[in-house]
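Examination of the molecular architecture
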Amino acid sequence: MGAIERNGYIFEPEFSVISQNGAIHVSLNGQFIEEIKFDFSGKYPEHAKIEALVDKYCEEHNI
């Protein structure tokens, strides 16, 4: 699962299968902005869930 780009913002997901949690690191122009934490179940987080978190973040921050 690679990085997602929206209007210059980069969203880079990372996750731990053992801990069943993850985070999406948000950056703009190479500068770290924020971390969006999430939980999941199974072997991997669903790509659709990560996309939904990114969409929600963009809506809330007018990106």
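Computed from a prediction, not measured in an experiment: that's the story for all the values here.

Moving on, we get to the environment of L53. By the secondary structure assignment, L53 is in helix α1 (residues 47–60). Counting along the chain gives 17 residues from L53 to I36, while the straight-line C-alpha distance between them is 8.0 Å. For L53, the residues in contact, after removing those within four places along its chain, are I24 and F38.

Attention now goes to the packing of aromatic side chains. Scanning all chains against the criterion turns up 4 aromatic pairs. Where F15 meets Y44, the ring centres are 6.0 Å apart and the plane angle is 90°; that geometry is what we call edge-to-face. Of this pair, F15 sits in strand β2 (residues 9–16) while Y44 sits in the loop between β4 (31–39) and α1; the two residues are 29 residues apart in sequence, bridging distant segments of the chain. Looking at F15, the relative accessible area reads 32%, which means it is partly exposed. A connected cluster of aromatic rings, assembled from ring pairs, spans F15, F38, F40 and Y44.

Together, F15, V17 and Y44 make up a nonpolar patch on the protein surface, roughly 280 Å² of accessible area in all. On the basis of relative accessibility, which here comes to 53%, the residue Y44 falls in the exposed class.

Among the secondary structure elements, H47 is positioned in helix α1. Relative accessible area serves as the criterion here: at 41%, H47 is assigned to the partly exposed category. Sequence separation between H47 and P13 is 34 residues; the distance between their C-alpha atoms is 9.9 Å.

A separate point is the nonpolar core. The nonpolar side chains of a soluble globular protein tend to be buried, and buried together. Counting residues in hydrophobic clusters, the biggest one holds 11 residues: I4, F11, I24, V26, I36, F38, F40, I50, V54, Y57 and C58. Elements represented by at least two residues in this core include exactly β3 (21–28), β4 and α1. Ranked by the residues each element gives to this core, the list is headed by α1, at 4 residues. If sequence neighbours within four positions are ignored, I24 has contacts with F11, E12, P13, E34, E35, I36, F38, I50, L53 and V54.

We now examine the sheet that holds β2. Taken together, the 4 strands give an open sheet; going across it, the order is β1-β2-β3-β4, and neighbouring strands pair in antiparallel fashion. Strands at the two margins of the open sheet, each flanked by one partner only, are β1 (4–6) and β4. Adjacent strand axes in the sheet meet at a mean angle of 25°, parallel and antiparallel pairs treated alike. Bridge analysis of β3 against β4 gives 8 bridges, and the strand direction is antiparallel. Opposite H25, over in β4, you have E35 as the bridge partner.

The rules we used
- Residues numbered from 1 in each chain as written.
- Predicted model: local features only at pLDDT ≥ 70, side-chain atom pairs only at ≥ 80, totals over all residues.
- Heavy atoms only, no water.
- Helix = DSSP H or I, 4+ residues; strand = E, 2+ residues; numbered from the N terminus.
- Contact = heavy atoms within 4.5 Å.
- Phe/Tyr/Trp six-rings, centres within 6.5 Å; stacked < 30°, edge-to-face > 60°.
- Buried < 20%, exposed > 50% of the residue type's maximum accessible area, 1.4 Å probe, protein only.
- Patch = residues over 30% accessible without salt bridge, like charges linked within 9 Å, V, L, I, M, F, W, Y side chains within 5 Å.
- Areas by Shrake-Rupley, 256 points an atom, 1.4 Å probe, with all protein chains shown as cover.
- Salt bridge = Lys/Arg side-chain N within 4 Å of Asp/Glu carboxyl O.
- Core = buried A, V, L, I, M, F, W, Y, C linked by side-chain atoms within 4.5 Å.
- Pairing = 2+ DSSP bridges.
- Axes fitted to C-alpha atoms, helices over the stretch in contact; angles between N-to-C directions.

Just geometry here; none of it tells us what the structure is for.
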